Amino acid sequence: MPVVLSIIGQKGGVGKSTLARAVAVVATQGNLRVKLIDLDIGQQTSVRWSTTRASSRALKTIDAEAFSAVGEALKQVHDVDLIVVDTPGYLSPETFEVARASDLIILPTGSGTDDLHPTTLLLYELEHIGIPKDRLCVALCRVLDAKEERGARRYLESTGYPALNGSLPERLGYRRAHNGGKSVTETTESSLNERANELMASVLRKILQHVRAANRLHSAH
Ligand SMILES: Nc1ncnc2c1ncn2[C@@H]1O[C@H](COP(=O)(O)OP(=O)(O)OP(=O)(O)O)[C@@H](O)[C@H]1O
Ligand SMILES: [Mg+2]
């Protein structure tokens, strides 16, 4: 069974497609078979990015496809180790379907109260519908400075959902990378790649923890 990792949020532009593309890239580079599902049928950011990426011979291709519903995608996608689900920037009943179908859920958020508040409300809503806490991760994105990040970490800790280690600063280099079909781990600036890789290492650790727990459960039966 593939691991299903989804990126959700109730705001536009927080970094969902950014994280989805980066996870797909680092997992592919780690020799996992990855499928990137784009549920943002209107924008198809991840699908269009993968098409741009495919035109560069130097980059490993990422198999991305748009679907209108997660159930349909999971029925049709076979023979992969990891399914990364990118979702639109608004909440709908489908958001909760995605959450129920996922082994891990990442909520990217900005560091201001305007972003942290809706992120927290969504975390509580997900907990309320029965999503186990250990499936939910918060990733700080578009961070402007270290002080802002520290404040956001304190806020999230107080909600019971501490942020993943690592964060993405707001940088032009990340946008340029996307324009060229690259991920935030593949910019031309090593310091930006290191920052993105630190966050990706946290995500990969979560995936590994999930796989180990699933294997333990499997061998216990
Ligand atoms: N850390 C960053 N620094 C600079 N630009 C960024 C950063 N993260 C994302 N961006 C850019 O901001 C825009 C929005 O990011 P992204 O597409 O990841 O957000 P999203 O949450 O998927 O948005 P939507 O809800 O519209 O799908 C993109 O142009 C992306 O390249
Ligand atoms: Mg998007």
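For the structure, check the block above.
This structure is a prediction, so every number in the text was calculated from the model and none was measured. (Residues numbered from 1 in each chain as written. Chains lettered and ligands numbered in written order. Predicted model: local features only at pLDDT ≥ 70, side-chain atom pairs only at ≥ 80, totals over all residues. Heavy atoms only, no water.)

Chemist: Residue-level account of the pairing of strand E6 (residues 136-143), with values.
Modeler: The buried count for E6 comes to 7 of 8 residues, which makes it a mostly enclosed element. Pairing of strand E5 (residues 104-109) with E6 involves 5 bridges; the strand directions are parallel. The partner of Ile106 across the bridge, within E6, is Cys137. One crossover worth recording links E5 to the parallel E6 by way of helix H5 (residues 113-128), and it is right-handed. Pairing analysis gives 3 bridges linking E6 to strand E7 (residues 163-169), with the strands arranged parallel. (Buried < 20%, exposed > 50% of the residue type's maximum accessible area, 1.4 Å probe, protein only. Helix = DSSP H or I, 4+ residues; strand = E, 2+ residues; numbered from the N terminus. Pairing = 2+ DSSP bridges. Right-handed = clockwise from strand over helix to strand, strands pointing away.)

Chemist: Run through the packing of H5 against helix H6 (residues 146-159), naming residues and quoting values.
Modeler: In the contact formed by H5 and H6, the axes pass within 11 Å of each other and the chain directions differ by 25 degrees. One finds that H5 runs roughly parallel with respect to H6. For the element pair H5 and H6, the recorded crossing hand is right-handed. Touching Leu116, His117, Thr120 and Tyr124 of H5 are Ala152, Tyr155, Leu156 and Thr159, all from H6. Class assignment of the residues belonging to the contact of H5 with H6 gives a composition of 5 nonpolar, 3 polar and no charged. (Axes fitted to C-alpha atoms, helices over the stretch in contact; angles between N-to-C directions. Parallel < 35°, antiparallel > 145°, perpendicular 65-115°, else oblique. Left-handed = near helix turned anticlockwise from the far one by under 90°. Contact = heavy atoms within 4.5 Å. Nonpolar A, V, L, I, M, F, W, Y, C, P; charged D, E, K, R; others polar.)

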